Protein chains: 2
Amino acid sequence: MGIVSRKEREKEEMRRLILEAALRLFREKGYDGVSIRNIAEAIEYSPATIYLYYKDKSEIFFALQYEAAAVKRDHLMPVASIENPWERLVEFGRRYVDFGMKHPDLYDLLFITLTPMDSIENQECWQLGIAIHAFFAETVQACVDARYFKSTDTETIAYTLWCHAHGLVSLFIRERMRMYPEEKREELAKKSFAMMVKMAESL
Amino acid sequence: MGIVSRKEREKEEMRRLILEAALRLFREKGYDGVSIRNIAEAIEYSPATIYLYYKDKSEIFFALQYEAAAVKRDHLMPVASIENPWERLVEFGRRYVDFGMKHPDLYDLLFITLTPMDSIENQECWQLGIAIHAFFAETVQACVDARYFKSTDTETIAYTLWCHAHGLVSLFIRERMRMYPEEKREELAKKSFAMMVKMAESL
DNA sequence: GCATTTACTAAACACTGTTCATTAAATTTG
DNA sequence: CAAATTTAATGAACAGTGTTTAGTAAATGC
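Every chain is numbered independently, its residues counted from 1 as its sequence is written. Written order decides the labels, with chains lettered from A and ligands numbered from 1. Side-chain atom pairs in this predicted model are given and counted only at pLDDT of 80 or more, local residue features only at pLDDT of at least 70, and totals for whole chains, interfaces and linings cover all residues. Only hydrogens and water are removed before side-chain values are computed, so all heavy atoms of the structure are retained for them.

With that settled, consider the protein's contact with DNA strand C. Looking at DNA strand C, there are 20 residues lining it, with A:Arg6, A:Ser35, A:Arg37, B:Thr49 and B:Tyr53 nearest. When at least one non-hydrogen atom of a residue lies within 4 Å of a molecule or strand, that residue is treated as near it. Counted by atom, the contact set of DNA strand C within 4 Å of the protein is 61% sugar and phosphate. The separation between a phosphate oxygen of DNA strand C and a polar side-chain atom of A:Tyr51 is 2.8 Å. Think of a polar contact as two N or O atoms within 3.5 Å of one another; within protein, one of them needs to be a possible hydrogen donor and the other a possible acceptor, and neighboring residues in sequence only count if both atoms come from side chains. The separation between a phosphate oxygen of DNA strand C and a polar side-chain atom of B:Tyr53 is 2.5 Å. Each helix is a run of H or I in the DSSP string that is no shorter than four residues. Each strand is a run of E no shorter than two, and both are numbered from the N terminus. Among the elements of the structure, α1 (3–29), α2 (36–42) and α3 (47–53) of chain A together with α3 (47–53) of chain B are those that each provide at least two residues to the surface near DNA strand C. Per element, the largest residue contribution to the surface near DNA strand C is four residues, and it comes from α3(B).

Let's shift gears to helix α5 (residues 85–102) of chain A. Residue and element names in this part refer to chain A. A helix is expected to span 1.5 Å multiplied by its residue count minus one. Compared with the 26 Å implied by 1.5 Å per residue over 18 residues, the 25 Å span of α5 between its first and last C-alpha is a close match. We call two residues contacting when some pair of their heavy atoms lies within 4.5 Å. Summarising the contacts, the buried residues of α5 are in contact with α4 (57–76), α6 (104–111), α7 (124–145), α8 (154–173) and α9 (182–201). Two to three positions downstream of the cap, the backbone nitrogen of Trp-86 sits 2.9 Å from a side-chain oxygen, assigning the N-cap of α5 to Asn-84.

On to the pattern of salt bridges. Residue and element names in this part refer to chain B. The salt bridge definition used is simple: a Lys or Arg side-chain nitrogen within 4 Å of an Asp or Glu carboxyl oxygen. A full pass over the atoms with the stated rule returns 22 salt bridges over all chains. A salt bridge links Glu-91 to Arg-95; its shortest N-O distance comes to 3.1 Å. Taken together, the residues Glu-91 and Arg-95, both in helix α5 (residues 85–102) and four residues apart, mark about one turn of the helix. Residue Arg-95 is classed as partly exposed on the basis of its relative accessible area, which comes to 27%. When the shortest N-O distance is used, the salt bridge between Asp-98 and Lys-102 registers 2.9 Å. Residue Asp-98 and its partner Lys-102 are both found in helix α5; the two are separated by four residues, about one turn of the helix. Classification of residues uses two cut-offs on accessible area relative to the type maximum, computed with a 1.4 Å probe and protein chains only: under 20% is buried, over 50% is exposed, and between them is partly exposed. Under the relative-accessibility criterion, Asp-98 is labelled partly exposed at 29%. A relative accessible area of 55% places Lys-102 in the exposed class.

A word on the protein's contact with DNA strand D. The environment of DNA strand D is made up of 20 residues, and the closest members are A:Thr49, A:Tyr53, B:Arg6, B:Ser35 and B:Arg37. For DNA strand D, a phosphate oxygen lies 2.5 Å from a polar atom in the side chain of A:Tyr53. Here a phosphate oxygen of DNA strand D and a side-chain polar atom of B:Tyr51 are 2.8 Å apart. Put simply, the parts of the chain that give the surface near DNA strand D at least two residues each are α3 of chain A together with α1 (3–29), α2 (36–42) and α3 of chain B. Per-element tally for the surface near DNA strand D: the top contributor is α3(A), with four residues. Gly falls in the polar group here, along with every residue not listed as nonpolar (Ala, Val, Leu, Ile, Met, Phe, Trp, Tyr, Cys, Pro) or charged (Asp, Glu, Lys, Arg). Looking at the surface near DNA strand D residue by residue, the class counts come to nine nonpolar, four polar and seven charged.

Below, the discussion takes up unusual backbone geometry. Residues other than glycine seldom take positive phi values, yet A:Glu175 does so here, at roughly 60°. Even without being a glycine, B:Arg147 presents a positive backbone phi close to 60°. Mapping B:Arg147 onto the fold places it in the loop between α7 (124–145) and α8 (154–173). Relative accessible area serves as the criterion here: at 69%, B:Arg147 is assigned to the exposed category.

Right, let's talk about the side chain of B:Thr156 for a bit. As for its position among the elements, B:Thr156 is in helix α8. At 2.6 Å, the side chain of B:Thr156 forms a polar contact with the side chain of B:Asp153. Here B:Thr156 is in contact with A:Leu188, A:Lys191, A:Ser192 and A:Met195, once residues within four sequence places are set aside.

Our next topic: the interface of chain B and chain A. In this complex, chain B contributes 48 residues to the contact, which on the side of chain A involves 48 residues. Note: buried area is the sum, over both parts, of the accessible area (probe 1.4 Å) each one loses when the two are combined. Surface buried jointly by chain B and chain A totals about 4,400 Å² across both partners, of which 66% is contributed by carbon and sulfur atoms. The largest share of the area that chain B buries against chain A comes from B:Tyr159, B:Arg176 and B:Arg178, three residues that together contribute 18% of it. The tally of links between chain B and chain A comes to two salt bridges.

Here it is in structure tokens:
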């Protein structure tokens, strides 16, 4: 292997170094709480060096959002092997909520953060997200096809289920459950999920 | 009226001036997109003057969050006059979603923004929010008492309904419905609300 | 009229994202 | 091998941020 490929490898290593430092810092202090200077300090390089590997702060954000989408995919896609569409759907939902609770910063990155959403459609992370959503929509369609619901409005069913799951996770991780005592919050979330499953059964 | 009361009045007018400029700017550019200097420029005072009326930027945020909660209360509380608890609940939900769609920045302020939530329990805005939530919980309780649901787990029912409504609004205003064509999004939201009402009927 | 309080601000401090000229090292060329 | 060139990294700067402080000028109290 010539020096060209070594250079490329080193460049890739540097990008990883930046990304890992950024992810760790973002998890600790949030996107706005971390500066390029903080990241540079963490990897013991000058701030200007970061700009040799990423165009700006938002590009680091996009790269991390892709990582987050990949973690989410690995967390959810195992349910693809479940034959029964209804069981597959329920397990998908359970894992979606579980992902949000276990990785609040990644969930935030994917579904709440507003930052630079302008050209997101062109980003890899978006493509990955679309693919996972498509799998979800197909699973709902499979349930409709197998007459698991009275309604046949697949799109609305899928969206309604997503709304509930997203509301569940985002109220939790954005600290809007303070009217419930800390130790009851997770239990309430579990009960609500179960209730939604029951409601969906008679949908 | 002595000059003391005039001074107080002037102080109050100044606070209003700051708040109105801040609210307008926050709506246009978001909390992070607006600087103290921007607000100062808008009201034609120096940045330091702002600090004579508000301790820091987060106090302006709290004041605005209180205004937002008041707008929300005015938008929702008229339903208190609806006698039938189920009709009251449905109308409350409709207006909750409507408030979020009509005032995305206020909704954001109340239910999504993370900013300085540390000591929020002591803030007026939180008390107001708690009161509105309590009214919602009481309405659900009234429905349970009147046997509108099979389930009697009031807390979980209320929370589940809230999750769905919040998910609906927050996915919309945080731009996570891009997989649906722009012109279909609001219709989908309406359909989903209707579906949730139907589901709740058979809860 | 003079002392005091009030209202306000210019300037500074320590940050931020980002750019650019410069340096030092690695690589290619003669 | 030495000279020329490309590459990698940075120090310093620019324009912005939230916030504090010292100082001024006007309004008020005596």
